[in-house]
Amino acid sequence: MRGFSGLRMAHAEAESVIKNIIREIGQECAIKGQTVPETLVAFMVKAVVLDPKNDFNVDRTLTKNDVQKLIKLCIDRLLDTTNPSLDTIKMQVFFDMNYINRVELLNEQHHIVESRLASVTREITDSRARTREELESVYRKIVSYVLLRSGLGSPTDIKAVREATAALQSVFPQTEMGVFLSLSKKDKERQLKELTMTVTGIRLFNKDTGKGGESIDDVPAILNEAIPAATQSIDAELHASQQMAHRYTALLESVHENLQGNIQLGSTMLKEALFNVRQHEAFLCIILSDVITCAQEVEMMQKQFAAQMEHLKSIVQAKTAVPTSQVFPVFIALANLWTSFQDEIILLSFLTNIAVNLHQFLGTHLQLFPDEMMESHLEGVTVKSDQQRIEETMGIKVDVSDFKEQEWLFPETTANFDQLQIQYHGFCAHTFAVKDGLLLPGSPTIGILKHKEKFYAFNSKESAYIFAQNPDKFIQLIIEKAKENAELIQLLELHHQFESLAPYTQVRSGDKHLLKPITKCDSSTQTDTHILPPTIVKSYEWNEWELRRKVIKLANLRRTLTHSVQTNLSHMRRENFSQVYLLKDFSTQTKCDSSSNVPKPQIFLAGLRGGSSPTTHMIKMDLTRAVDET
């Protein structure tokens, strides 16, 4: 643990020293009238340390003299206004700090809108209105929320407020405020967003039918005018940079061929000027690609918007009442498309501003090499464009049979050939290595060399053959040249070789082709008891008869169909359930034991004893009760 704590302390001390150096350089530049961002200073510090001409050893701790030397060199380079290399580095830092892709930009813009609406949303969702005046106040806040979120008018515009209020009352009357306030906070926020989209769709429909929407800007029409103007402006800037790059390239070629050896400022400044315009060209290509994507998105959305509007008109027609289940989804779709139009305007403005601001980093080379000087030095020199250089090599190919261990790729035999990530931004690796930084575009038709899972292009067959004999040698030469000119690291996309030289802000996203520097930290690991997952297959059956039953079951399932029917009466109805009680058990008796009692005979005889008369008279008295009396 002592070793780890020692590394942490050393790392903390190094960071503290670097921060102090950066702070001191920034202060010195400010004193001399030049304000430089901290990111630029940090990049310059690392670039100066990396340059072998300055004799800094990155493997040992800097001494006090080294620190003072480093500060002086950085200040000198940052204050050198006659150096195209500094302009290129400033351009790279500016682009890195300001440019983000369309997804990140739109997400950031949506987050800004949410943060601006947070206070209004909180006032609505946290309201405990009871009286009529309080409910009306909350309703007016909902109208303001709808206007602010949709961006279709200002809450201070009376016409816009009246239109939004009328549209809101048609879908959310004030009588429903009590139900709204009884909802939870999340449900309130969700309903506010739904109301905003519905009201926006209604207002857009009214604008299209000529029944309102005077305060709504015609965003699609604005985009139809702004996109071609932006494309034309950026394309003109790109063409100018390409023309300048072609002239610098031709002049440098003539210098290497000893045709023009008397250039006043030498080939070093000319080379740095070439790096400057090539970097400007690369950034403009990125921006122009985004603008083209923007144009494609707008064209697609305009077709969808028109289709949705026609669909809505066919539903509404001249009806006085339309089911909400039919029109509300269309209203929401229109609102979403309109929000996308607004996003494209923000994106287009963002890209245009970056393209305009990039022009400020081209001033130095224009002052060093004015048009008059260039025209005089280019007399008798043929200026070729990149496309002309590629066309000159059409039909020239590397003979694969000359190489036994190298792999070559060609457009006609390689799938997705256009998507290959060519090293060094597509420039010829051999020419740059042997001709002191001359940037010539590689020709894919000659052949793409695949070396260690990376791809290299060349401007001639001879360059390809020489490079293929010892690729690692030329790759190392290019790395050494990049150490001398730090702007080449981003221009030639050498971030994998110089991970620690990436500006701080460039490592914030993965799409900037940069990697975070390797750092040391404490870590621990723990081995699981069971490393491998269990391999028991619970669906395994060893009994072939069981497998047969499963097969029959699956075969029978193929012939079974599930049918469902929906009627007009059941449409948009909730499901009903009923519950009944079964009859309880009961019993009956069909036979029972019974008895009857026969009357007892009661017969009396009188006169049997005789009497005074010689004749005996007997009287019989039957006192037996009748059967029905028992």
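Below: a short report on this structure. Given the structure is predicted, the values throughout are model-derived calculations rather than measurements. (Residues numbered from 1 in each chain as written. Predicted model: local features only at pLDDT ≥ 70, side-chain atom pairs only at ≥ 80, totals over all residues. Heavy atoms only, no water.)

Between its first and last C-alpha, helix α7 (residues 158-171) extends 20 Å over 14 residues, near the 20 Å set by a 1.5 Å rise per residue. All of the buried residues along α7 are Ala-160, Ala-164, Ala-167, Leu-168 and Val-171. One face of α7 carries all of its buried residues, which in axial projection span an arc of 100°. Opposite the buried face of α7, at more than 90 degrees from it, the exposed residues are Ile-158, Lys-159, Arg-162 and Ser-170. For α7, the N-terminal cap is Asp-157; the gap from its side-chain oxygen to the backbone nitrogen of Lys-159 is 3.3 Å. (Helix = DSSP H or I, 4+ residues; strand = E, 2+ residues; numbered from the N terminus. Expected span 1.5 Å × (residues − 1). Buried < 20%, exposed > 50% of the residue type's maximum accessible area, 1.4 Å probe, protein only. Arc of directions from axis to C-beta. Polar contact = N/O pair within 3.5 Å; in protein donor to acceptor, adjacent residues only side chain to side chain.)

Attention shifts here to the side chain of Ser-241. On the secondary structure map, Ser-241 appears in helix α10 (residues 219-256). Sequence-distant contacts of Ser-241, defined by excluding residues within four places in its chain, comprise Val-277, His-280 and Leu-284. (Contact = heavy atoms within 4.5 Å.)

In this model helix α18 (residues 471-484) runs 21 Å from its N-terminal to its C-terminal C-alpha over 14 residues, within 8% of the 20 Å that 1.5 Å per residue would give. Burial in α18 covers these residues: Pro-471, Phe-474, Ile-475, Ile-478, Ile-479, Lys-481 and Ala-482. The arc enclosing the buried residues of α18, seen along the axis, measures out at 165°, which places them on a common side. Turning to α18, the residues buried within the fold contact α16 (429-434), β2 (448-451), β3 (454-456), α17 (461-469) and α19 (488-491).

Taken as a whole and assessed by the stated rule, the structure comprises 17 aromatic pairs. The interplanar angle of 80° and the centroid separation of 6.1 Å between the aromatic rings of Trp-338 and Phe-341 together place this pair among those described as edge-to-face. With Trp-338 and Phe-341 both in helix α12 (residues 324-358), this residue pair falls 3 residues apart, about one helical turn. Using a relative accessible area of 0% as the deciding quantity, one classes Phe-341 as buried. Counting every residue linked through ring pairs, the aromatic cluster contains Phe-403, Trp-408, Tyr-424, Tyr-456, Phe-458, Tyr-465, Phe-467 and Phe-474. One residue, Lys-473, lies across the ring of Phe-474, its end atom 5.5 Å from the ring centre. (Phe/Tyr/Trp six-rings, centres within 6.5 Å; stacked < 30°, edge-to-face > 60°. Lys NZ or Arg CZ within 6 Å of the ring centre and 35° of its normal.)

One side chain can pair with another of opposite charge once the charged atoms of both are near each other. Evaluated as defined, the whole model comprises 22 salt bridges. Linking Lys-483 and Glu-480 is a salt bridge whose minimum nitrogen-to-oxygen distance equals 3.6 Å. Of this pair, Lys-483 and Glu-480 both sit in helix α18, 3 residues apart, which is roughly one turn of the helix. The exposure class of Lys-483 is partly exposed, given its relative accessible area of 22%. By relative accessible area, Glu-480 is classed as partly exposed at 30%. In this structure, a network of salt bridges that share partners links the residues Asp-187, Arg-190 and Glu-194. (Salt bridge = Lys/Arg side-chain N within 4 Å of Asp/Glu carboxyl O.)

Two numbers describe a pair of packed helices, the interaxial angle and the distance between the axes. Between helix α5 (residues 102-125) and helix α6 (residues 132-150), the shortest axis-to-axis distance is 10 Å and the interhelical angle comes to 165°. On the basis of their axis angle, the class for α5 and α6 is roughly antiparallel. The handedness of the crossing between α5 and α6 is left-handed. Touching Glu-114, Leu-117, Val-120, Thr-121, Glu-123 and Ile-124 of α5 are Val-138, Lys-141, Ile-142, Tyr-145, Leu-148 and Arg-149, all from α6. The residue makeup of the contact of α5 with α6, split by class, is 7 nonpolar, 1 polar and 4 charged. (Axes fitted to C-alpha atoms, helices over the stretch in contact; angles between N-to-C directions. Parallel < 35°, antiparallel > 145°, perpendicular 65-115°, else oblique. Left-handed = near helix turned anticlockwise from the far one by under 90°. Nonpolar A, V, L, I, M, F, W, Y, C, P; charged D, E, K, R; others polar.)

What follows deals with the environment of Leu-351. Among the structural elements, Leu-351 can be located in helix α12. Here the alpha-carbon distance between Leu-351 and Ile-234, two residues 117 residues apart in the chain, equals 9.6 Å. Excluding residues within four positions of it along the chain, Leu-351 makes contact with Tyr-99, Ile-287, Asp-290 and Val-291.

In the sheet, strand β1 (residues 407-409) pairs with β2 via 3 bridges, with the strands oriented antiparallel. What sits directly across from Glu-407, in β2, is Lys-450. Relative to β3, β2 is paired through 3 bridges, and the arrangement is antiparallel. Paired with Leu-449 across the strands is Tyr-456, a residue of β3. The turn linking β2 back onto β3 is made up of 2 residues, and Lys-452 within it adopts a positive phi angle of 55°. (Pairing = 2+ DSSP bridges.)

What follows concerns unusual backbone geometry. Even without being a glycine, Tyr-424 presents a positive backbone phi close to 60°. Residue Tyr-424 is classed as buried on the basis of its relative accessible area, which comes to 4%. Positive phi, normally seen in glycine, also occurs at Lys-452, with a value near 55°. Structurally, the position occupied by Lys-452 is in the loop between β2 and β3. Assessed through its relative accessible area of 60%, Lys-452 is described here as exposed.

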